[in-house]
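Reading the structure
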Amino acid sequence: MRLLVVEDDRDLNRQVVAALEGAGYAVDRAYDGEEGWFLGDTEPYDAIVLDIGLPKRDGVSVLTAWRKSGRATPVLILTARDRWSDKVEGFDAGADDYVAKPFHMEELLARLRALLRRASGHASSEISVGPVRLDARAGRVTVNEVAVKLTSHEYRLLSYLMHHVGRIVSRSELVEHLYDQDFDRDSNTIEVFVGRLRRKLGVDFIQTARGLGYIIEGDADARAKAAR
Ligand code: CA
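Since this is a predicted model, take the numbers as computed values, not measurements.

Rules used in this analysis
Within any chain, residue numbers begin from 1 and follow the written order of that chain's sequence. Per-residue local features of the predicted model are confined to residues with pLDDT of at least 70, and side-chain atom pairs are confined, for both listing and counting, to 80 or more; whole-chain, interface and lining totals are unaffected and use all residues. The side-chain values count all of the structure's non-hydrogen atoms but skip hydrogen atoms and water molecules. Geometry of aromatic contacts follows a simple scheme: Phe, Tyr and Trp rings, the Trp one being its six-membered ring, pair when their centres are within 6.5 Å, and the pair is stacked under 30 degrees between planes, edge-to-face over 60, tilted otherwise. When the NZ atom of lysine or the CZ atom of arginine is within 6 Å of a ring's centre and also within 35 degrees of its normal, the charge is said to sit over that ring. Segmentation of the chain into domains, including their bounds, is taken from an automatic or database domain assignment. Should any heavy atoms of two residues lie within 4.5 Å, those residues are counted as being in contact. Here's the idea: put two parts together, see how much 1.4 Å probe accessible area each one loses, and the total over both is what we call buried area. By salt bridge we mean one thing: a side-chain nitrogen of Lys or Arg within 4 Å of a carboxyl oxygen of Asp or Glu. Two N or O atoms form a polar contact when they lie within 3.5 Å of each other; inside protein one atom must be a possible hydrogen donor and the other a possible acceptor, and for residues adjacent in sequence the pair counts only when both atoms belong to side chains. Secondary structure elements follow DSSP: runs of H or I no shorter than four residues count as helices, runs of E no shorter than two count as strands, and numbering proceeds from the N terminus. Each residue is assigned to one of three groups, with Ala, Val, Leu, Ile, Met, Phe, Trp, Tyr, Cys and Pro labelled nonpolar, Asp, Glu, Lys and Arg labelled charged, and all others, Gly among them, labelled polar. Think of it this way: DSSP has to see at least two bridges between two strands before they count as a pair. Counted as donors are N, O and S atoms no farther than 2.8 Å from the metal, or 3.2 Å for Na, K and Ca; water is not among the atoms, and sites may therefore look incomplete. Each residue gets one of three labels from its accessible area relative to the maximum for its type: buried under 20%, exposed over 50%, partly exposed in between, using a 1.4 Å probe on protein chains only.

What follows concerns the packing of aromatic side chains. Evaluation of the coordinates by the stated rule reveals 2 aromatic pairs. Cation over ring: Arg10 sits above Tyr31, and NZ or CZ is 3.8 Å from the ring centre.

Given below as structure tokens:
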């Protein structure tokens, strides 16, 4: 999963980015409304953290512009504690959730996890497919209840495919959602990560859709969990 953080307070921006990276996401950052709007308009983020009080262009105007041009990316806004009008304007502009400053990083992480799983149609932060279970809250993966150690890139790849279970995901889509913009992107590395995941999770778990990409086929268990 790849996220964008738009926040002009450099300390806060750094703290949020560090917490998100620590939780296994690829993260891009912007420090003003113009830069933030441009990135959100051109890059395929899975969710965006958007401060309302921004230089050059305020958060509400940025969000309004994204929604007007059809960007449906889940957006969590950061508001000042005493500005209830920010929240109203933010929701009216198309925000999906908010946290008021100052906030606990754990709350921001929990709200983002909820946005991400709702966007992919999952009701719980645990996704199970066959013997594999991914716990997005703990960042843990088990196969038949046995913990499996994954690198951060392997985890991101698996998490993205499991959040989109039953759908073919192309290699270029994976590259766009797994790496931040500063990363030297090479779609051949995706194949390497898939190979490693197959060794760790079972050869059939991630299937190749020839010429199209990769898919984790859903099963009855996963569908029941998602519907619950
Ligand atoms: Ca600000």
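And the narrative resumes.
Right, let's get into the domain arrangement of the protein. Its domain assignment divides the protein into domain 1 (2–119) and domain 2 (126–227). The C-alpha-based centres of domain 1 and domain 2 are spaced at 26 Å. Counting residues at the interface gives 13 residues for domain 1, matched by 12 residues for domain 2. Summed over both sides, the interface of domain 1 with domain 2 buries roughly 1,100 Å², with 47% coming from carbon and sulfur. Counting across the domain 1 and domain 2 interface gives 0 salt bridges. Connecting domain 1 to domain 2 are 8 residue pairs in polar contact (both at pLDDT 80 or more). Counting residues per element, the ones that place at least two in the side of domain 1 that touches domain 2 are strand E2 (26–30) and helix H5 (105–119). Looking at the side of domain 1 that touches domain 2 residue by residue, the classes come out as 6 nonpolar, 1 polar and 6 charged.

Below, the discussion takes up the pairing of strand E8 (residues 140–143). Pairing between strand E7 (residues 132–135) and E8: 4 bridges, direction antiparallel. Its bridge partner being in E8, Asp135 is matched across the sheet by Arg140. Between E7 and the antiparallel strand that follows it, E8, lie 4 residues; Gly139 among them carries a positive phi value of about 65°. As judged from the 3 bridges shared by E8 and strand E9 (residues 146–148), these two strands associate in the antiparallel manner. Counted as the bridge partner of Val143 is Val146 from E9. Counting the residues that bridge the hairpin from E8 to E9 gives 2 residues, and of these Asn144 lies at a positive phi of roughly 50°.

With distances of 2.2 to 2.3 Å, the protein atoms coordinating the calcium ion are Asp8 (OD), Asp51 (OD) and Gly53 (O). As a motif over one chain, the donors of the calcium ion read D-x42-D-x1-G. With relative accessibility at 47%, the residue Gly53 sits in the partly exposed group.

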